[in-house]
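# Structural overview for review
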Amino acid sequence: MKPGELIYFLLIGVIVLAVILVIWLVLRKRKKWAVVLSSVLVIGYAGYFFYYPTLQVNTHAERYEQVVNYLAENYPDKEFTISPKDYEEGYTVGTFQVNNIETPMIGVILRVDKEGQVTQTATWENRGYPKQQELWREIEFTYGGYTLDKEKVEIAKQDEWIDGELTAFALTIDDMPAIALFSYSNEGYGLLELQQGAREEFVFIEKRSYIFIYIDERYQGEILTFQLKNGEDYTVNADQNKGKLIVERNNFIYK
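So, here is what we can say about the structure in this document. Computed from a prediction, not measured in an experiment: that's the story for all the values here. (Residues numbered from 1 in each chain as written. Predicted model: local features only at pLDDT ≥ 70, side-chain atom pairs only at ≥ 80, totals over all residues. Heavy atoms only, no water.)

On to the layout of surface pockets. One way to see where empty space is left: roll a probe the size of a water molecule over the atoms. By volume, the largest pocket is sized at about 290 Å³. Every residue lining the largest pocket is counted, 14 residues in all, and those nearest its centre are Tyr52, Gln56, Arg63, Val93 and Arg111. Counting residues per element, the ones that place at least two in the lining of the largest pocket are helix H1 (3-26) and helix H2 (31-74). When residues in the lining of the largest pocket are grouped by element, the largest group, 6 residues, is from H2. Broken down by class, the residue content of the lining of the largest pocket amounts to 5 nonpolar, 3 polar and 6 charged. (1 Å grid on protein atoms, 1.4 Å probe; cavity = no way out; pocket = protein on both sides within 12 Å on 5 of 7 lines; lining within 4 Å. Points joined across faces, edges and corners; volume = space filled by probe spheres on them. Helix = DSSP H or I, 4+ residues; strand = E, 2+ residues; numbered from the N terminus. Nonpolar A, V, L, I, M, F, W, Y, C, P; charged D, E, K, R; others polar.)

This is the structure we're talking about:
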């Protein structure tokens with residue numbers, strides 16, 4: 001049993017003991033009745049204790065069927081993996097890891113309560129520690145928050161730039177240009193910033209003395225001019241740099 005379940009039975013045991021003490025105080029002159037009632041309480045407590053694991057298994061199986069029906073009713077065109085089907089030690093009864101078979105590395109935690117209500121309580125991922133060049137794939141999980149209702153985001157890497165722990169990717173997200181900046185080391189990694197532009201347009205980020213620019217391949221103009229945070233205009237030959245990640249620092253272009 002889990003520590004929480006042991007505490008649960010400990011509390012019940014304390015209550016049973018307290019009730020037995022009250023019975024003996026009330027029926028101190030009728031010891032036979034006190035013994036009978038006390039025995040009933042002790043036997044009932046012991047029976048519940050030993051039956052509890054079976055109750056957990058049966059309850060979990062019932063709630064598994066409820067979550068299967070919930071998914072079939074709400075997502076009839078999708079196929080899911082649900083685990084654990086059978087109750088396993090260490091899991092919470094009625095809690096399941098669920099993922100669309102098209103996204104086996106990411107999914108959600110669904111909880112079925114006593115009333116049969118199904119709710120999403122968390123998300124999970126099982127990607128392992130990514131390579132620096134593959135960091136952009138993390139956006140599929142984090143972009144807009146992951147739920148079963150969310151359609152799979154179409155993300156494609158167009159270009160990349162790495163300088164030590166700083167990593168930049170030029171992407172298309174649902175056919176729109178984007179730039180994602182990550183920090184990466186053996187101790188950890190994280191998304192620093194994500195900017196997405198309009199379809200057939202451009203996007204840029206100013207970070208850590210760098211300017212990152214990505215121009216959609218379908219951009220119509222030959223020259224691109226935009227304003228930086230300091231108010232200065234920046235101009236780039238769009239015709240020559242479409243579909244490429246431009247990285248500028250101290251007026252020197254790395255690419």
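Structure's up, so let's keep going.
A few words now on the sheet that holds strand S6 (residues 166-173). Sheet architecture is open: 4 strands sit in the order S5-S6-S7-S8, paired in antiparallel fashion. Edge positions in the sheet fall to strand S5 (155-163) and strand S8 (188-196), since each has one partner strand and no second. Ignoring strand direction, the axes of neighbouring strands in this sheet form an average angle of 20 degrees. Pairing of S5 with S6, which is carried by 8 bridges, proceeds in the antiparallel orientation. Bridging across to S6, Ala156 finds its partner in Thr172. (Pairing = 2+ DSSP bridges. Axes fitted to C-alpha atoms, helices over the stretch in contact; angles between N-to-C directions.)

Another point: the pattern of salt bridges. A full pass over the atoms with the stated rule returns 7 salt bridges. The shortest N-O distance in the salt bridge between Lys242 and Asp239 comes to 4.0 Å. Relative accessible area serves as the criterion here: at 49%, Asp239 is assigned to the partly exposed category. A cluster of three or more residues bridged by salt bridges with shared partners is formed by Asp175, Arg199, Asp216 and Arg218. (Salt bridge = Lys/Arg side-chain N within 4 Å of Asp/Glu carboxyl O. Buried < 20%, exposed > 50% of the residue type's maximum accessible area, 1.4 Å probe, protein only.)

A few words now on the environment of Tyr70. Here Tyr70 is to be found in helix H2. Residue Tyr70 is classed as partly exposed on the basis of its relative accessible area, which comes to 25%. Taking the C-alpha atoms as reference, Tyr70 lies 35 Å from Leu10; in sequence the two are 60 residues apart.

What the 4 strands build is an open sheet, ordered S1-S2-S3-S4; its pairing is antiparallel. Strand pairing shows two members of the sheet lacking a second neighbour, strand S1 (80-83) and strand S4 (118-125), which therefore form its edges. Each neighbouring strand pair of the sheet contributes to a mean axis angle of 30 degrees, computed without reference to strand direction. In terms of strand pairing, strand S3 (residues 106-112) meets S4 through 7 bridges, oriented antiparallel.

Under the criterion given, the structure shown has 23 aromatic pairs. Ring centres of Tyr8 and Phe9 lie 5.3 Å apart, and the angle between their planes is 75 degrees; this geometry places the pair in the edge-to-face category. The class of Phe9 is buried, set by a relative accessible area of 2%. Ring centres 5.1 Å apart and planes at 80 degrees place the aromatic pair Phe9 and Phe49 in the edge-to-face group. Note that Phe9 is positioned in helix H1 and Phe49 in helix H2, a separation of 40 residues in sequence. Cluster of aromatic residues (ring-pair linked, three or more members): Tyr8, Phe9, Tyr45, Tyr48, Phe49, Phe50 and Tyr52. (Phe/Tyr/Trp six-rings, centres within 6.5 Å; stacked < 30°, edge-to-face > 60°.)

Here the focus is the environment of Lys78. Topologically, Lys78 is positioned in the loop between H2 and S1. Taking relative accessible area as the criterion, Lys78 reaches 28% and is therefore assigned partly exposed. Between the C-alpha atoms of Lys78 and Gly13, which are 65 residues apart in sequence, the distance is 47 Å. Here Leu148 takes part through its backbone oxygen, which lies 3.2 Å from a polar atom of the side chain of Lys78. (Polar contact = N/O pair within 3.5 Å; in protein donor to acceptor, adjacent residues only side chain to side chain.)

Turning next to unusual backbone geometry. The peptide bond linking Ser83 to Pro84 adopts the cis configuration, its omega dihedral lying at -5 degrees. The backbone of Arg208 shows a phi angle near 50 degrees, a positive value even though the residue is not glycine. Positionally, Arg208 belongs in the loop between strand S9 (202-207) and strand S10 (210-215). Judged by its relative accessible area of 47%, Arg208 is partly exposed.

Purely spatial values, then, with no claim about function.
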